[in-house]
Amino acid sequence: MRACIGAQRRGADILANFRGAPYGWPDDAIAGALLTLMGADMVTARRNHQPVSVKELVQSQIGVTDF
């Protein structure tokens with residue numbers, strides 16, 4: 001998953017990548033993976049150019065968040 005996330009990669013792009021073939025992951029699995037990477041300080045998130053912590057990120061906002 002980390003290979004898919006580049007500088008300022010939009011959450012909607014990450015969701016689309018892992019929903020499709022060959023992965024077919026459900027949104028809950030993608031959100032869980034992103035939150036796990038954030039919790040391990042391996043990925044950071046920003047929304048409207050402001051940092052978002054793992055506690056602040058809700059699943060419905062992943063699509064509009066940059067990772």
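Parameters and conventions
- Residues numbered from 1 in each chain as written.
- Predicted model: local features only at pLDDT ≥ 70, side-chain atom pairs only at ≥ 80, totals over all residues.
- Heavy atoms only, no water.
- Buried < 20%, exposed > 50% of the residue type's maximum accessible area, 1.4 Å probe, protein only.
- Helix = DSSP H or I, 4+ residues; strand = E, 2+ residues; numbered from the N terminus.
- Arc of directions from axis to C-beta.
- Contact = heavy atoms within 4.5 Å.
- Salt bridge = Lys/Arg side-chain N within 4 Å of Asp/Glu carboxyl O.

Asks: Quick rundown of helix α1 (residues 11–19)? Include the residues and the values.
Replies: Along α1, the residues that are buried comprise Gly-11, Ile-14, Leu-15 and Phe-18. Along α1, the residues classed as buried sweep out an arc of 100 degrees about the axis, all on the same side. Buried residues belonging to α1 abut α2 (27–39).

Asks: Break down the pattern of salt bridges for me, with residues and values.
Replies: By the definition in use, this model includes 2 salt bridges. Linking Arg-10 and Asp-66 is a salt bridge whose minimum nitrogen-to-oxygen distance equals 3.1 Å. In this pair, Arg-10 is assigned in the segment before α1 and Asp-66 in the segment after β2 (50–52), connecting sequence segments 56 residues apart. Asp-66 gets classed as buried once you look at its relative accessible area, which sits at 15%. Salt-bridge contacts for Asp-27 lead to Arg-19; the nearest nitrogen and oxygen are separated by 2.7 Å.

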